[in-house]
Amino acid sequence: MPTQKILLQIVIVLTVATGILTGTGAKASAQSASKADSASSWTAEPTKPQVTKPQSKQKQSTVRQKKKNINNKQPRGKYKKVNRSSIKRASNRSEDMSWVHLQKKYPGTFALSGSRDKRNVSLTFDDAPDPRVTPVILDTLSHYHIRATFFIVGDRAAKNPELVKRIMREGHVIGNHSYNHAILSKLPLTQFQQQIWKTDGIIKRIVGVSPRLVRPPYGEMKPQQIAWGKQNGFTIVNWDVDSEDWRNNPSSARVLANIKKTLQPGSIILQHAGGGDQQDLSGTIHALPVLIEMLQSKGYDIVTLPELLGRKAYR
């Protein structure tokens, strides 16, 4: 019995010890596992997709929202449509202002040349009067007994009335070239009208006539301006032969070559009898006698614009 008691006590002690050890180990294992999980979770956090993805999604969402806001203000399709419309309007405006179009739309009012049936040509000189150039041009024309057409700038005429009188006295035709060489196509109708009427008044005070012929500086006019000119008895005259004597101070040889390129019966030849401070028109001056002799040798008659176009010179 005593032995059995002792054995029973030993078994009980061992059982309790085993339970304690087993519980502690499980607890330690649980704590270790918990720590391991925690450590694993912390170290992986910066590289886990769920950390970066929300930021990326947020950025994408912001970008999409901005695009949406922009599109709500100015839809992409509408933007393109506006641009095309602007280009189309510009294209239509260019077409409306093309010389060929204007000549067809305003026959007899907008002219580029005379009849091709007769071997006639007209010499025209813009930007007169200019004391540096106009007198020399007049001397050459007088020498060859040639009459030309001079398009007068109003403010220059006011400063040089004697030259305007000489042009008229020597049998040349005077036309209206605006008051201060404005780009008429960029002016509203009222300002355009002022350019024409002011010059008209200056010319009439000097020589007593009101020109019917108008040449717009740079050859530019809007259709509504030509329509106004038609209503008021004006003839708009541009040209079909450009000497380009205004470009880079050309030599006389270059001026003549430019004229020959497009010369034909009925041609209106553009030259200049005045220019800016830095403009050298010696090429025109030296080319003129050669041009006159060349035209005459080819059987051309040099006539004024009213003769070439069959239009009246003055109102």
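Here the structure is shown first, and the text comes after it.
Anyway, here's the lowdown on the structure attached to this text.

1. Here's the deal with the overall build of the chain
Then, number 1: Along the chain, the regular secondary structure elements total 12 helices and 9 strands.
Then, number 2: The buried share among the 315 residues of the chain stands at 39%.
Then, number 3: Restricting to contacts in the chain with at least 6 residues of sequence separation, those with at least 24 account for 77%.

2. Topic: the packing of helix α5 (residues 134-144) against helix α11 (residues 282-297)
Then, number 1: Their axes nearest at 10 Å, the elements α5 and α11 cross at an angle of 15°. Judged by the inter-axis angle, α5 sits roughly parallel to α11. Crossing angle aside, the handedness with which α5 passes α11 is right-handed. Touching Val-136, Ile-137, Thr-140, Leu-141 and Tyr-144 of α5 are Thr-284, Ile-285, Leu-288, Pro-289, Ile-292 and Glu-293, all from α11.
Then, number 2: Residue composition of the contact of α5 with α11, grouped by class: 8 nonpolar, 2 polar and 1 charged.

3. Focus: the pairing of strand β2 (residues 120-128)
Then, number 1: Burial analysis of β2 places 9 of its 9 residues in the buried class, which makes it a mostly covered element.
Then, number 2: Pairing of β2 with strand β9 (residues 301-302) involves 2 bridges; the strand directions are parallel. Residue Val-121 lies in a different strand from β9, and its bridge partner there is Ile-302.
Then, number 3: Pairing between β2 and strand β8 (residues 268-272): 5 bridges, direction parallel. Bridging from a neighbouring strand, Leu-123 pairs with Ile-269 of β8.
Then, number 4: The pairing of β2 with strand β3 (residues 149-152) spans 3 bridges and is parallel. Note that in β3 the partner of Phe-125 across the bridge is Phe-150.
Then, number 5: In terms of handedness, the path from β2 via α5 over to β3 forms a crossover that is right-handed.

4. What to know about the packing of aromatic side chains
Then, number 1: Applying the stated rule across the entire model yields 6 aromatic pairs.
Then, number 2: Ring geometry for Trp-197 against Trp-228: centres 5.6 Å apart, planes inclined by 80°, an arrangement best described as edge-to-face. One end of the pair, Trp-197, is in helix α8 (residues 189-207); the other, Trp-228, is in helix α9 (residues 223-231), with 31 residues separating them in the sequence.
Then, number 3: For Trp-197, a relative accessible area of 34% translates into the label partly exposed.
Then, number 4: Linked through ring pairs, Phe-192, Trp-197, Trp-228 and Phe-234 together constitute an aromatic cluster.
Then, number 5: The aromatic ring of Tyr-300 is capped on one face by Arg-119, whose charged end is 4.3 Å from the ring centroid.
Then, number 6: Between the NZ or CZ atom of Lys-198 and the centre of the ring of Tyr-179, over which it lies, the distance is 4.1 Å.

5. Things to note about α8
Then, number 1: For α8, with 19 residues, the first-to-last C-alpha span of 27 Å sits near the 27 Å given by 1.5 Å per residue.
Then, number 2: Here α8 has its buried residues at Phe-192, Gln-193, Gln-195, Ile-196, Thr-199, Asp-200, Ile-202, Ile-203 and Ile-206.
Then, number 3: Buried positions along α8 lie against β3, α6 (154-159), α7 (161-169), β4 (173-176), β5 (213-214) and α9.
Then, number 4: Phi for Gly-208, located one or two positions after α8, is positive at around 80°.

6. A look at the pattern of salt bridges
Then, number 1: Applying the stated rule across the entire model yields 9 salt bridges.
Then, number 2: Residue Asp-139 is joined to Arg-166 by a salt bridge in which the shortest nitrogen-to-oxygen separation is 2.6 Å. Of this pair, Asp-139 sits in helix α5 while Arg-166 sits in helix α7, placing them 27 residues apart in sequence.
Then, number 3: Classification of Arg-166 by relative accessible area gives buried; the value is 17%.
Then, number 4: A salt bridge links Arg-147 to Glu-307; the nearest nitrogen and oxygen atoms lie 3.4 Å apart. Here the residue Arg-147 occupies a position in the loop between α5 and β3, and Glu-307 occupies one in helix α12 (residues 305-309), the gap between them amounting to 160 residues.
Then, number 5: Owing to a relative accessible area of 39%, Arg-147 belongs among the partly exposed residues under this scheme.
Then, number 6: With relative accessibility at 44%, the residue Glu-307 sits in the partly exposed group.
Then, number 7: Here the salt bridges do not stand alone but share partners, grouping Asp-130, Arg-132 and Arg-156 into one network.

7. Describing the side chain of Thr-134
Then, number 1: The topology assignment puts Thr-134 in helix α5.
Then, number 2: Residue Thr-134 is classed as buried on the basis of its relative accessible area of 0%.
Then, number 3: Reaching out from Thr-134, the side chain makes a polar contact with the backbone oxygen of Ala-273 at a distance of 2.7 Å.
Then, number 4: Setting aside its immediate chain neighbours within four residues, Thr-134 contacts Ala-128, Pro-129, Phe-150, Leu-163, Ile-167 and Ala-273.

About the criteria used
- Residues numbered from 1 in each chain as written.
- Predicted model: local features only at pLDDT ≥ 70, side-chain atom pairs only at ≥ 80, totals over all residues.
- Heavy atoms only, no water.
- Helix = DSSP H or I, 4+ residues; strand = E, 2+ residues; numbered from the N terminus.
- Buried < 20%, exposed > 50% of the residue type's maximum accessible area, 1.4 Å probe, protein only.
- Contact = heavy atoms within 4.5 Å.
- Axes fitted to C-alpha atoms, helices over the stretch in contact; angles between N-to-C directions.
- Parallel < 35°, antiparallel > 145°, perpendicular 65-115°, else oblique.
- Left-handed = near helix turned anticlockwise from the far one by under 90°.
- Nonpolar A, V, L, I, M, F, W, Y, C, P; charged D, E, K, R; others polar.
- Pairing = 2+ DSSP bridges.
- Right-handed = clockwise from strand over helix to strand, strands pointing away.
- Phe/Tyr/Trp six-rings, centres within 6.5 Å; stacked < 30°, edge-to-face > 60°.
- Lys NZ or Arg CZ within 6 Å of the ring centre and 35° of its normal.
- Expected span 1.5 Å × (residues − 1).
- Salt bridge = Lys/Arg side-chain N within 4 Å of Asp/Glu carboxyl O.
- Polar contact = N/O pair within 3.5 Å; in protein donor to acceptor, adjacent residues only side chain to side chain.

By themselves, these observations are geometric and do not establish any function.
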